[in-house]
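Geometric and topological summary
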Amino acid sequence: MAPKATRVTCVQFAPVLGDPAGNIERARSAIRAAVANGARIVVLPELTTSGYLFASAEEARRASIGADDTRLAEWSGEAARGDAVVVAGFCEKAADGRVHNSAVVLDGTGVRAVYRKVHLWDREKTLFTAGRAEPPVLDTPYGRIGVLVCYDLEFPEMPRALALRGADLIAVPTNWPVVPRPEGEHPPEVVAAMAAARASRVFVACCDRSGLERGERWTRGTVLVDPDGWIRASTGTEDGHATADLDLVAAREKRLTDLADVIADRRPELYGELVRTGRTAPGGTAVS
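These notes cover the structure that comes with them. (Residues numbered from 1 in each chain as written. Predicted model: local features only at pLDDT ≥ 70, side-chain atom pairs only at ≥ 80, totals over all residues. Heavy atoms only, no water.)

So, about the packing of aromatic side chains. Applying the stated criterion to the full structure yields four aromatic pairs. Ring centres 5.5 Å apart and planes at 80° place the aromatic pair Y52 and W218 in the edge-to-face group. Of the two residues, Y52 is situated in the loop between strand 2 (41-43) and helix 2 (57-62) and W218 in the loop between strand 11 (216-217) and strand 12 (223-225); the sequence distance between them amounts to 166 residues. With centroids separated by 5.0 Å and ring planes inclined at 75°, the aromatic side chains of W121 and Y151 adopt a geometry described as edge-to-face. Remark: Y151 occurs in the loop between strand 7 (143-147) and helix 4 (157-164) and W121 occurs in the loop between strand 5 (110-116) and strand 6 (137-140); sequence separation between them is 30 residues. Note on W121: relative accessible area 40%, which makes it partly exposed. Y151 gets classed as partly exposed once you look at its relative accessible area, which sits at 22%. Grouped by ring-pair contacts, the aromatic residues W121, Y151 and F155 constitute a single cluster. (Phe/Tyr/Trp six-rings, centres within 6.5 Å; stacked < 30°, edge-to-face > 60°. Helix = DSSP H or I, 4+ residues; strand = E, 2+ residues; numbered from the N terminus. Buried < 20%, exposed > 50% of the residue type's maximum accessible area, 1.4 Å probe, protein only.)

Next comes the structure, spelled out in structure tokens:
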């Protein structure tokens, strides 16, 4: 039986572009501090090991590492101090030589899973090879963890699919560039996280990054969202962490009322448009 509350921490910091060795060490220190503070699930930003704004595919390749890189064993060693699970973005060099924007899930035993981002944002399409496999849902001592990376979250089918496969928590390493928004409003990506959490009654942990990279300012939008869609913790600072003690198993209750259930009330026989290729114009005409 999973414990009643699990401490989840998202650590927001600024990876340094093209410095895998330094970034791996910064991440190791962040994991160690989070675990020492009681965290049993630790989430780090997208492309933690490399930075984000590569000028070319070759620059991305030079900053990439394999999932079997021995330095990641240092992360496992830190996780082992508290029987923790770590989810972190990394620039992955695959065995076939392709480079992916990926997330690794590891614990004290080593790498549990690697997920390759399926939905590549903007210029990422010129730098990385998109993943072709569905994201993992992993059993842990604390609950079931699903994984997405950044832009994946903005496709509602992705978090819903993870929820249908039993995820209690969706961990999302992100790099959100600042976009215009009305004064006082949440960043749109945070709104998407809140909506995804409420729509499927799951916890969502988004770990953004900070800093300034090649002129790009980052949203610094790290949040932990509960199944009602409310933010339970955020950073509020340039570097720092969002931490909350969460009853992850509570996400398995999908009822809103005695007669309303966000999963049982679905009508999948009416949702065929969701899995058709291309768009459909008003009136049902297919648009390529």
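What follows covers the packing of helix 1 (residues 20-36) against helix 3 (residues 72-80). Packing of helix 1 against helix 3 brings their axes to within 9 Å, and their N-to-C directions diverge by 5°. Regarding the angle of helix 1 to helix 3, the classification is roughly parallel. Taken together, the residues of helix 3 that come into contact with helix 1 (itself represented by I24, E25, A27, R28, I31, R32 and V35) are E74, W75, E78 and A79. Each residue belonging to the contact of helix 1 with helix 3 can be placed in one class, and the counts come to six nonpolar, no polar and five charged. (Axes fitted to C-alpha atoms, helices over the stretch in contact; angles between N-to-C directions. Parallel < 35°, antiparallel > 145°, perpendicular 65-115°, else oblique. Contact = heavy atoms within 4.5 Å. Nonpolar A, V, L, I, M, F, W, Y, C, P; charged D, E, K, R; others polar.)

Moving on, we get to the sheet that holds strand 14 (residues 240-246). Overall, mixed pairing links the six strands, which are arranged 5-4-3-2-1-14 in an open sheet. The strands lining the two open edges of the sheet, one partner per strand, are strand 5 and strand 14. Averaged over all pairs of adjacent strands, the angle between strand axes in this sheet comes to 25°, irrespective of strand direction. As judged from the three bridges shared by strand 2 and strand 3 (residues 85-93), these two strands associate in the parallel manner. (Pairing = 2+ DSSP bridges.)

Quick look at the pattern of salt bridges now. Tallying each qualifying case throughout the model produces 25 salt bridges. Across the pair D96 and R98 runs a salt bridge, and its minimum N-O distance is 3.8 Å. Between R255 and E253 there is a salt bridge whose closest N-O contact spans 2.9 Å. The partly exposed category is assigned to E253, whose relative accessible area is 34%. Salt bridges sharing partners connect three or more residues here, namely E25, R28, R32, E78 and R81. (Salt bridge = Lys/Arg side-chain N within 4 Å of Asp/Glu carboxyl O.)

Next up on the list: the packing of helix 4 against helix 5 (residues 188-200). Here helix 4 crosses helix 5 at 35°, and the two axes come no closer than 10 Å. Handedness of the crossing formed by helix 4 with helix 5: right-handed. Contacts from P159, R160 and A163 in helix 4 reach A196, A199 and S200 in helix 5. (Left-handed = near helix turned anticlockwise from the far one by under 90°.)

Read from one edge to the other, the open sheet built from six strands follows the order 6-7-8-9-12-13, with strand pairing classed as mixed. Because the sheet does not close on itself, it has two edges, and the strands there are strand 6 and strand 13 (231-234). Between one strand axis and the next, the sheet turns through 20° on average, direction left out of account. Alignment of strand 9 (residues 203-207) against strand 12, held across three bridges, turns out to be antiparallel. Opposite C206, over in strand 12, you have V223 as the bridge partner. Relative to strand 12, helix 5 is tilted by about 20°, and along the sheet it contacts strand 9, strand 12 and strand 13.

Here the focus is the nonpolar core. With 47 residues, the main nonpolar core has I41, I170, V204, C206 and L224 as its most contacted residues. Leaving out residues up to four positions away in the same chain, V204 has contacts with L169, I170, V172, A193, A197, V223, L224 and V225. By size, the runner-up hydrophobic cluster in this structure holds 21 residues, among which are V11, A34, L44 and A79. (Core = buried A, V, L, I, M, F, W, Y, C linked by side-chain atoms within 4.5 Å.)

As for its placement among the helices and strands, F90 is situated in strand 3. Given the relative accessible area of 0%, F90 is considered buried. Separated by 40 residues in the primary sequence, F90 and S50 have C-alpha atoms spaced 6.8 Å apart. When sequence neighbours within four positions are dropped, the list of residues in contact with F90 reads L47, T48, T49, I65, G66, A67, H100, N101, S102, A103, V104 and V114.

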